[in-house]
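Notes for the structure review
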Amino acid sequence: MEVPLEDPAHEIKRLRRCINDLVSLLALPAIWRGTDPSQIVEMLLDVLLRMLNLDFAFARLSGAFGATPVEVLRLSEDSKINLSAQQVRNMLGDPLAAYAQGSLPQIRNQLAAEGIAIAPAQLGVHGEIGVIVLGSNRAGFPEKTESLLLSVAANEASIGLQEARLLSEQKRVSAELNAGNQMWPVLTEAEIDRARPYGRVRRVEIGEVLYRPGEVGRPCFILLSVSLEIVQPTIDGERLVTILRPGMFTGEAGTIAGQRTVVQARAIQAGEILEVRPEDLRTLVAHDAALSEVLLRAFMLRRLMLIDRQLGNVVVIGSRHSADTLRLREFLSRNGHPFTYIDLDMDDAYRNLLDRFGIAVSEIPIVIGNGTMVLRNPSTSQLADSLGLNDNIDSNSLHDLVIVGAGPAGLAAAVYAASEGIDALVIESRAPGGQAGSSSKIENYLGFPTGVSGQELATSATKQAQKFGAKMALARPIVQLRCQHRPYELVTDDGTVFSARTIVIATGADYNKPTTVNLDRFVGHGIHFGATFLEAQLCEGEEVIVVGGGNSAGQAAVFLSQTARKVYLLVRGATLSDSMSHYLIARISGNPSIELLCNCELANLEGQSGLEKVSWVNKVNGEVRSVEAHHLFIMAGESPNTSWLRGRLALDEKGFILTGRDLPATADQDRISPWTTLSRPPFMLESSLPGVFAVGDVRAGSVKRVASAVGEGAISVSMVHRALAEL
Ligand SMILES: Cc1cc2nc3c(=O)[nH]c(=O)nc-3n(C[C@H](O)[C@H](O)[C@H](O)COP(=O)(O)OP(=O)(O)OC[C@H]3O[C@@H](n4cnc5c(N)ncnc54)[C@H](O)[C@@H]3O)c2cc1C
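Figured I'd write up the structure that's included with this text. (Residues numbered from 1 in each chain as written. Predicted model: local features only at pLDDT ≥ 70, side-chain atom pairs only at ≥ 80, totals over all residues. Heavy atoms only, no water.)

Observations concerning the nonpolar core
In terms of nonpolar packing, the biggest core is built from 46 residues, with Leu383, Leu401, Ile403, Val504 and Phe693 touching the most fellow members. Of all the elements, helix 15 (residues 408-419) adds the most residues to this core, at 7 residues. The contact partners of Val504, leaving out residues within four places of it in the chain, are Leu401, Val402, Ile403, Val404, Ala413, Phe693, Val695, Ser716 and Val720. In this structure, Val47, Met51, Val70 and Ala154 belong to the second largest nonpolar core, which totals 26 residues. (Core = buried A, V, L, I, M, F, W, Y, C linked by side-chain atoms within 4.5 Å. Buried < 20%, exposed > 50% of the residue type's maximum accessible area, 1.4 Å probe, protein only. Helix = DSSP H or I, 4+ residues; strand = E, 2+ residues; numbered from the N terminus. Contact = heavy atoms within 4.5 Å.)

Pasting the structure below:
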C-alpha cells in the first residue's frame, strides 16, 4: 500500500499516535516480562514497514535486554528487492557494532550496490539500547520526512523499551520480595502437564473475553501461550487488576465453587489455554496436593487483594448511621465478597451516582452490581441471590447430609463430611463464621500461637469445605423441620424445602445483648462475651464493667476483680438473690474491688476506635453515671437458636438440644420425643430424632468454645456414616 507523505506534520502526528500506543503496550511489564522482546519489536517494525512502504525493517536490541542481543528482521510481503531474508541479515551483520564504530557507510555502500538505500536510527541517546535500520529500493529513499519519522519512532520506542525494562525489573523485584509470586504464580511445565488431563486445550484470539463479572461456573484457565488482561469494569471505566501471561492461571476464591465471576478477563495476546471446569478443578485439587496448594493459596490471596483494593463488582452506597447499610456491609464482608463502599455522609459527589441511576436518597442503602444491577435496600437473601452466592444449590435433590449453621461446628462437619465423600449441603441464615466470625482475634484455638481472626478462620474453613465439594446456601434461615417421615425436610424462610437423609444442627446460640445501647459498634473493640485469663490480662489495673445478674456474671466479676482495679457489676433486677448462687453473692458482697449496682441498665457507650466511656442509668432514681472504661463484659446469658425446633426435638429448659445420654427417658410437655424410635441407644451427639445430630453451642452441656465446636462437628461425621448405613 502506497502511503502518501504529503503533510509531514500530519504524518508525524499519526505516527506519534501509533508509536504511543505501542509504547503503552511495551510499558506493560507483564507483557514484557517473559515475553520474547522480538514480538514487541516486530509490531513496531511492521508499523514502520506499512507506513513508509519499505522493503525491510531491521532492529537490533543490545545485550542489555537479555543474555544475547535480539535481532528482528521484517520483510515487506511485496518487497521488490532481490535479496532473501538471510542475505539481508548477512549484509547488515552487526549494525549496532558497525554503527558505533562509524562503519555504517560501508554497509550502506554494500546495500547500495544492490539498489537498496537505508535509513538508520539509534535507540537510546548513544545507541545503547540498539538500532533500527530501514531499507528500500524506492527511488529517492530516504526522504527528509521519512528520516524524521524514523527518528520519532526510534525515540519513542527507546523510551518505551526502557520503561518496560525498568517496570519489569521493578515488578520482578517486588514479586520476589512480597507474596505477589504466590498470588500470581507461574506454573512449571511439569505442573501444567499434571493439570492437562483435567481440562481441554483451545485457542483464544486477541480481544476475546473469557469471562465478565457475574458469569456463573466459568472455568479456571491455565494460560499455555496467551496473555490476558484482568480488569474490573466500573461505572467510571475499567480498572486494571493485573496482566496474566503464559504459565499463569485465572481464578479466585469463587472459582472452585463455580460461583459468579467478579472481574473480566480479555485476551491481549492470542494463543492456547487449558480450560478446566469447576467440577474438574475440584477433582484436580482433591487429587494433586502440591498443585492444590499453589492454586488455593493464589485464589485466597487474590480474593483478599480484591477486597483490599475494593475491586469487587459490587458498590454499596449507604450511610454509617443506617442499620441496613451495616447489615449489607457485614454480610458482604463476612462472605469475603469484594465491594466498594460509598458513604453518602462523607462525600456529596456520589449523589451524582444516585441521580445517574434515578435513586432517591431515601432508598438507601443501594447496591449496584456489575455496573448494571441496582437493588434498593435489599434483604440479605435478595443480595445473596443477586450475587449468585446460591447459584449451585439444588433444592430438588436428596442430600445425604444437611448441616444447619455455618459457624465453627457446622463448617467442621462440612469439611470432614465432604472430605469423606458424603454429599453435604450447609444452610446458613447469614454468612459463614457464626459467633466466631465476630471475634477479631481468637487466641486460644489450637495451632495459632499469635491468634487468628474469626473471619480468617471461617473463610479458610469455607474454602476447605468447598474444595472437598461441600455446597453452601447462604442467607437462608431454616424455619421448620418436617420429621414425620424420612427423608427429613428442612424449610427455609422463603418456603424452599431441602430433603436430607441425616441432619447436623449447628445453629449455635446468640448472646443476649442489651438492646438499649450501640453495642455492635464496639464488639471486638472492648466488648467481651466471656471472661477468661486472657481478658483478665487485658484489663489488668483498669476499671471494668460486668453486665448481668446470673452466675456467669458473678463468676466473671469475682474472677476479674483479681486483676482489675475495680469491677462495676450492673444488674437490672433489684437484688441478686433470685438469679445468682449464694456463694457468689457472698463473695461479691465481701469484695472491696466489686461495686454492685442493682436496678441499673447500660445507657451509652462512647469511643473512637475502641471503647472509652460507659454510662448507665439507675432506673429507680434516674441517676446517670459514667466511667472511663475500655472493657465491658456482657454476661447476660445466651439463647440457643432453636425456636424452629420446639415440638420437634427434645430440648432442655433453656432451649438447648439434648443429645445422647442426656435424652429424657420419658416424654413430657416440653421435652417431647424420648428415644423410642430405634432399638439401639442414641449416638453420643444424636438428638431425640434418629439421624439428627446437634453440635457446638446449640447442644445442651457443650463447652462454649471454638475448639469444642470444631471437635463436635468433626466427631458427628462418624455418627452420620453409621446413621446413613442404617437406611
Ligand atoms: C465476640 C465473641 C468472641 C469469642 N471469642 C472466643 C474465643 O476467643 N475463643 C473461643 O474458644 N470462643 C470464643 N467465642 C465463642 C465461640 O465463638 C463459640 O463458642 C463458637 O462460635 C460456637 O460455634 P457454633 O458453630 O456452635 O455456633 P455459632 O458460632 O453460633 O454458629 C452458628 C451459626 O448458625 C447460624 N444459624 C443460626 N440459626 C440458623 C437457622 N435457623 N438456619 C440456618 N442457620 C442458622 C448462625 O447464623 C451462625 O452462623 C467468642 C464468641 C463471641 C460472640
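Quick notes on the pairing of strand 29 (residues 624-628)
Inspection of the sheet shows strand 28 (residues 613-618) paired to strand 29 by 5 bridges, in the antiparallel sense. Across the sheet, the residue bridging to Ser615 is Ser626, located in strand 29. (Pairing = 2+ DSSP bridges.)

Remarks on the sheet that holds strand 1 (residues 56-61)
Here we have 4 strands laid out as an open sheet, ordered 2-1-4-3, and antiparallel in their pairing. The open sheet has two free edges, formed respectively by strand 2 (70-75) and strand 3 (117-123), since each of these has just one partner strand. Within this sheet the neighbouring strands show an average axis-to-axis angle of 10 degrees, counted without direction. For strand 1 and strand 4 (residues 130-136), the ladder comprises 6 bridges, and the chain directions are antiparallel. Bridged to Ala57 within strand 4 is Leu134. Of the strands in this sheet, strand 1, strand 2 and strand 4 touch helix 4 (residues 85-92), which is tilted by about 135 degrees from strand 2. (Axes fitted to C-alpha atoms, helices over the stretch in contact; angles between N-to-C directions.)

Side note on the pattern of salt bridges
Counted by the stated rule, this structure contains 32 salt bridges. Between Arg202 and Glu275 there is a salt bridge, with the nearest N and O atoms lying 2.7 Å from each other. With Arg202 in strand 5 (residues 200-204) and Glu275 in strand 11 (residues 271-276), the pair connects residues that are 73 residues apart, well separated along the chain. Summarising the burial analysis for this pair, Arg202 and Glu275 share the class buried. Ionic contacts of the salt-bridge type, sharing partners, join the residues Arg200, Arg202, Glu208 and Glu275 into one network. (Salt bridge = Lys/Arg side-chain N within 4 Å of Asp/Glu carboxyl O.)

Focus on the environment of Thr563
Looking at the element boundaries, Thr563 is found in the loop between helix 18 (551-560) and strand 25 (566-570). The spacing of Thr563 and Glu540 is 23 residues in sequence and 4.9 Å in space, taken between C-alpha atoms. Leaving out residues up to four positions away in the same chain, Thr563 has contacts with Ala536, Cys539, Glu540 and Gly541. Looking at Thr563, its side chain comes within polar contact range of the main-chain oxygen of Ala536, at 3.4 Å. (Polar contact = N/O pair within 3.5 Å; in protein donor to acceptor, adjacent residues only side chain to side chain.)

Some points on the site of the ligand
Neighbouring residues of the ligand: 34 residues in total, closest Ala409, Glu428, Gln435, Asn444 and Asp697. In this structure, an oxygen atom belonging to the ligand sits 3.2 Å away from a main-chain N or O atom of Pro408. In this structure, Arg705 approaches the ligand through a main-chain N or O atom, which is 3.2 Å from an oxygen atom. Look at the ligand: alone it shows 1000 Å² of surface, and the protein chains cover 92% of it. Taken together, the elements giving at least two residues each to the shell around the ligand come down to helix 15, strand 22 (509-511) and helix 20 (706-725). (Near = heavy atom within 4 Å. Areas by Shrake-Rupley, 256 points an atom, 1.4 Å probe, with all protein chains shown as cover.)

Comments concerning the sheet that holds strand 27 (residues 600-606)
Strands in a sheet are paired, the pairing made by backbone hydrogen bonds, and the direction either parallel or antiparallel. The strand order across the open sheet formed by 3 strands is 27-28-29, and the pairing between neighbours is antiparallel. In this open sheet, the two edge strands, each paired with only one partner strand, are strand 27 and strand 29. Recorded for the sheet is a direction-independent mean angle of 25 degrees between the axes of neighbouring strands.

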